[in-house]
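Structural characterization, general
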Amino acid sequence: MDNNPDLKALALGATGVAALYLLIRNAFSGPKLNAVPVVGPSGSIPSYIGAFRYVFHAKEMFQEGYERYPSAMFRVAVVDRWSVLVSGKQLVEDIANAREEDLSFHQSTNEFLQTRYTLGRGCERDPYHPAVIRTSLTRNVGHRFPDVRDEIVQSFNDLVPVQGEDWLEIPGYDTMLQVICRTSNRFFVGLPLCRDPDYLALMNSVAMDVVVKAQLINFLPAFLRPTLGPLIASLNSNMRRAEKHLTPLVAERLKKMEEAGSKDWPGKPNDLISWLMDSAQGEELTLNALVQRVIFVNFAAIRTSTDTFVHLLFDLAAGPSFVQPLREEVETIVNEEGWTRASVGKMFKIDSFLRESQRMHGIGTQSLGRKIVKPGGFTFADGTTLPTGTYLHATTWSLHHDPELYPDPHVLDPFRFDKLRQAEEVGAAKYQAVTTSLDYLAFGHGVHACPGRHMAVIELKAIIAHIVLNYDIKLPNNEGRPANQYVASACLPHATAKVLFRKRKS
Ligand code: HEM
């Protein structure tokens, strides 16, 4: 926190607004959860103290619950409601495999993001894009890999312009945000748009903008949201800015589709806009709705990938001894096979390092966010029934630091998963970065497991491979790894820490 005054001011401001609001509400609303033990103070007034503790100490509260209630559930106060956390394989599996009609990912996300106001009603009403990402987008990760690789090289040339033998100090987070936004958008919308500074600035800022505005809207009583929500959210200005860039592309494709009388026409580009158009129906197949959807996919992709990558970059910069084995692996594979999706897929040490960094830091101390929507409540395999309207999560950070599952859990062992992979003859895929399991929730698990993880893993592996092959990196003054910032359930990499790059010497 100390290292980011803006974030601290924002969090304190938000806490103050919440405090005022909460003090004029006399009790936590929502379903009755008396049977679920509380971590933090209970009772209507003391629970507010728990809610404030949650803002900066959610990780510690989750860990306390994980230790006190193993393979069970507990609840914590989260500003204006209770959140039930579950631990243990069976309960996690119950959440991961539940049908959307019983435990809703979308309702929980739409409420958290106030999607209607921040990203648009279409995105709230018709979540068709996860299927597009799971199918067309993922199928094209290999076909479009040459573009992704080209953009990685070009963006490093532009943003990390090392000269001679000199070290160059760069801001780790901001630089990697640019690299990832450019690279992802090379895949999504292609050249030249993926290098347009205004388009990139918009896509870079949209995630933070949506999350902050959504929290403000969430503090309002429900009856005020329809009036004040649109005024607080920046949907209209974001849309105007995005339309300026995307209208020419989308409008031309809608015209070609109409002329051809079919969604397939000669010369159709192979990118996100086309994949979305292939699936969109009715109102979603319009200019405005498609632009909204491109923003939504960027929202889901850019900050998640950047936060994950910056954690990994800091781990690499703080661990010079990790570099040589990674370099040898990348060099051997690239010399033999060049740069392809398949060759990156064979970089098992890089893969293990990414998975281990996600285990250690992840981007959230909880995952599998769901809301019980099943009428009459939801019954877990252990017989516990929780009422409709309850919010659920799994204790990801604690699971990932459980010594029974991960020996020496607080030690970053970049090759932990590669060693496990090599020790097994079959089923080694279970230790790879894209594979989710009941022990590994960085991408969620089950019905709603992140559909973009195949793209993200190949992209992030290709970027770290490019770094170890071409640069030496270190932290200024041999400082230790920049500290994470834990805000509510988020685990953010340090926002302003610098990293030094120079051309690889040996
Ligand atoms: C390293 C980067 C990423 C991380 C750590 C990440 C993490 C996650 C997590 C934890 C979930 C929730 C899963 C659950 O509750 O079971 C999720 C869902 C989702 N992610 Fe990702 N994600 C990443 C990259 C991406 C990318 C690149 C895209 C798009 C191309 C994407 C699109 C989505 C979508 C659309 C969902 C919602 C799935 C649904 O509605 O079923 N993510 N992601």
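Residues numbered from 1 in each chain as written. Predicted model: local features only at pLDDT ≥ 70, side-chain atom pairs only at ≥ 80, totals over all residues. Heavy atoms only, no water.

Taking an unreviewed UniProt entry as the reference, the chain is identified by name as Cytochrome P450 belonging to Mycena metata.

**Here we look at the overall build of the chain**
Here is the rule: The secondary structure listing takes helices from DSSP runs of H or I that are at least 4 residues long and strands from runs of E that are at least 2 residues long, numbered from the N terminus. Here the globule rule reads 2.2 Å times residues to the power 0.38, and the radius of gyration is calculated from C-alpha atoms. Between buried and exposed lies partly exposed: a residue is buried under 20% and exposed over 50% of the maximum accessible area for its type, with that area taken using a 1.4 Å probe on protein chains only. Residue contacts are defined here by distance: any two heavy atoms, one from each residue, within 4.5 Å place the two residues in contact. For the area figures, the Shrake-Rupley method with a 1.4 Å probe applies, and any residue is considered shielded solely by the protein chains shown. All tallies of charge rest on Lys and Arg as positive and Asp and Glu as negative; His and the ends of each chain are not included. We put the charge of a Lys on NZ, of an Arg on CZ, of an Asp on CG and of a Glu on CD.
A tally of regular secondary structure across the chain gives 20 helices and 12 strands. Here the chain has a C-alpha radius of gyration of 23 Å; the compact-globule value for 506 residues is 23 Å, and the two agree. A principal-axis box enclosing the C-alpha atoms of the chain has dimensions of 65 × 60 × 45 Å. Looking at the chain as a whole, 56% of its 506 residues are labelled buried. A separation threshold of at least 6 residues defines the contact pool for the chain, and within that pool the share at least 24 residues apart is 73%. A total of about 21,100 Å² of accessible surface is found on the chain, and carbon and sulfur atoms cover 56% of it. Put simply, the chain has 54 plus and 55 minus side-chain charges, and the middle of one group is 3 Å from the middle of the other.

**Topic: the packing of aromatic side chains**
So the rule is basically this: Think of it this way: a Phe, Tyr or Trp ring, Trp meaning its six-membered ring, pairs with another when their centres are within 6.5 Å, and the plane angle makes it stacked under 30 degrees, edge-to-face over 60, tilted otherwise. Here, a charge over a ring is recorded when the distance from Lys NZ or Arg CZ to the ring centre is within 6 Å and its angle to the ring normal is within 35 degrees.
In total, this model carries 11 aromatic pairs according to the counting rule given. Between F296 and F299 the ring centres are 6.3 Å apart and the planes differ by 40 degrees, which places this aromatic pair in the tilted class. Of the two residues, F296 and F299 both sit in helix α14 (residues 287-317), 3 residues apart, roughly one turn of that helix. The exposure class of F296 is buried, given its relative accessible area of 8%. Taken together, the aromatic side chains of F156, Y471 and F501 make up a single cluster linked through ring pairs. In this structure, K59 packs its charged tip against the face of W397, placed 4.5 Å from the ring centre.

**Concerning the coordination of the iron atom of the ligand**
Which entries qualify depends on this criterion: Note that water is not among the atoms considered, so a metal site may appear incomplete; the donors listed are N, O and S atoms within 2.8 Å of the metal, with 3.2 Å applied to Na, K and Ca.
Within the protein, a single donor atom binds the iron atom of the ligand, namely C450 (SG) at 2.3 Å. Within the element layout of this structure, C450 appears in the loop between α19 (416-423) and α20 (453-470).

**With respect to the pairing of strand β12 (residues 498-503)**
The cut-off we apply is this: Paired strands are those between which DSSP finds at least two bridges.
The sheet contact formed by strand β4 (residues 168-171) and β12 spans 4 bridges and is antiparallel. The partner of L168 across the bridge, within β12, is F501. Sheet topology places strand β9 (residues 471-474) next to β12; 4 bridges connect them, and they run antiparallel. Looking at the pairing, I473 lines up with F501 of β12.

**Remarks on the pattern of salt bridges**
Here is the rule: Should a side-chain nitrogen of Lys or Arg be within 4 Å of a carboxyl oxygen of Asp or Glu, the pair is scored as a salt bridge.
What the rule picks out here adds up to 39 salt bridges. Its salt-bridge partner being K244, residue D198 comes within 3.3 Å of it at the nearest N-O pair. Of this pair, D198 sits in helix α10 (residues 197-219) while K244 sits in helix α12 (residues 235-260); the two residues are 46 residues apart in sequence, bridging distant segments of the chain. The exposure class assigned to D198 is partly exposed, which follows from its relative accessible area of 25%. Residue classification places K244 among the exposed positions, given a relative accessible area of 56%. R359 serves as the salt-bridge partner of E356, at 2.9 Å between the closest nitrogen and oxygen. Highlighted residues: E356 and R359, both in helix α17 (residues 348-360), separated by 3 residues, approximately one helical turn. The pair formed by E356 and R359 is uniform in burial state, with each residue classed as buried. Among the ionic contacts, a cluster of salt bridges with common partners joins R144, D147, D150, E151, D158, R182, R186 and R195.

**Details of the environment of Y199**
Following the sequence through the fold, Y199 ends up in helix α10. Distance in space between the C-alpha atoms of Y199 and E243 is 9.8 Å, their sequence separation being 44 residues. In this structure Y199 touches N185, V189, L193, H245, L246, V294 and N298, once residues within four positions along its chain are discounted.

**Brief notes about the sheet that holds strand β3 (residues 103-104)**
As a reminder of what qualifies: For every element, the axis is a line fit to its C-alpha atoms; helices are fit only across the contacting stretch, and the angle between N-to-C directions ranges from 0 to 180 degrees.
In space, the 5 strands of this open sheet follow the order β1-β2-β8-β5-β3, with mixed pairing throughout. The strands lining the two open edges of the sheet, one partner per strand, are β1 (73-78) and β3. The pairing of strand β2 (residues 81-86) with strand β8 (residues 391-394) spans 4 bridges and is classified as parallel. In the sheet register, L85 faces β8, and the bridge partner there is H393. Docked against the sheet, helix α4 (residues 105-113) engages β3, β5 (367-372) and β8, running at close to 100 degrees with respect to β5.

**Thoughts on helix α3 (residues 89-97)**
Among the residues making up α3, those that are buried are L91, V92, D94, I95 and A96. On its buried side, α3 packs onto β1, β2, β3, β5, β6 (378-379) and β8.

**Quick notes on the packing of α10 against α12**
Here is the rule: Working rule for handedness: look at the near helix, and if it is turned counterclockwise from the far one by less than a right angle, call the crossing left-handed; if clockwise, right-handed. Each residue is assigned to one of three groups, with Ala, Val, Leu, Ile, Met, Phe, Trp, Tyr, Cys and Pro labelled nonpolar, Asp, Glu, Lys and Arg labelled charged, and all others, Gly among them, labelled polar.
Here α10 crosses α12 at 145 degrees, and the two axes come no closer than 10 Å. Here α10 and α12 pass one another in a crossing that is left-handed. Across the interface between the two elements, D198, Y199, A201, L202, V206 and D209 of α10 pack against N238, R241, A242, K244, H245 and L246 of α12. Tallied by class, residues from the contact of α10 with α12 come to 6 nonpolar, 2 polar and 4 charged.

**Quick look at empty space enclosed by the protein**
To find leftover empty space, a probe the size of one water molecule is rolled over the atoms. Selection rule: Here a cavity denotes grid points, spaced 1 Å and computed from the protein atoms alone, that fit a 1.4 Å probe unable to get out, and a pocket denotes an open set having protein on both sides within 12 Å along at least 5 of 7 lines; residues with an atom within 4 Å of a point are the lining. Grid points are joined across faces, edges and corners, and a volume is the space filled by probe spheres set on the points.
One pass over the full model with this rule turns up 4 cavities of 30 Å³ or more. V141, R144, F145, V148, T183, S184, F187, M455, I458 and E459 together form the lining of the largest cavity. Of all the elements in the fold, those that place two or more residues in the lining of the largest cavity are α8 (145-159), α9 (172-188) and α20. A class-by-class count of the residues in the lining of the largest cavity yields 6 nonpolar, 2 polar and 2 charged.

**Remarks on the nonpolar core**
Selection criterion: Remark: nonpolar core denotes a set of buried residues (Ala, Val, Leu, Ile, Met, Phe, Trp, Tyr, Cys) joined through side-chain atoms within 4.5 Å.
Counting residues in each nonpolar core, the largest one holds 97 residues, and the members touching the most others are F156, L246, F309 and F501. Among the elements that make up this core, the one with the highest residue count is α14 (16 residues). Within the second largest apolar cluster, 25 residues are counted, among which are I95, L386, A394 and L441.

**Some thoughts on the site of the ligand**
Stated precisely, the cut-off is as follows: Any residue with a heavy atom positioned within 4 Å of a molecule or strand is treated as near that molecule or strand. The term polar contact refers here to a pair of N or O atoms within 3.5 Å; inside protein, the definition further demands a hydrogen-donor-capable atom paired with an acceptor-capable atom, and it admits residues adjacent in sequence only when both atoms are side-chain atoms.
Around the ligand, the surrounding shell holds 26 residues, and the nearest of these are H106, L368, R370, H448 and C450. The side chain of R370 places a nitrogen or oxygen atom 2.9 Å from an oxygen atom of the ligand. Residue H448 places a side-chain N or O atom 2.6 Å away from an oxygen atom belonging to the ligand. Those elements that provide at least two residues to the shell around the ligand are α4, α7 (129-143), α14, β5 and α20. Per-element accounting of the shell around the ligand gives the leading share, 5 residues, to α14.

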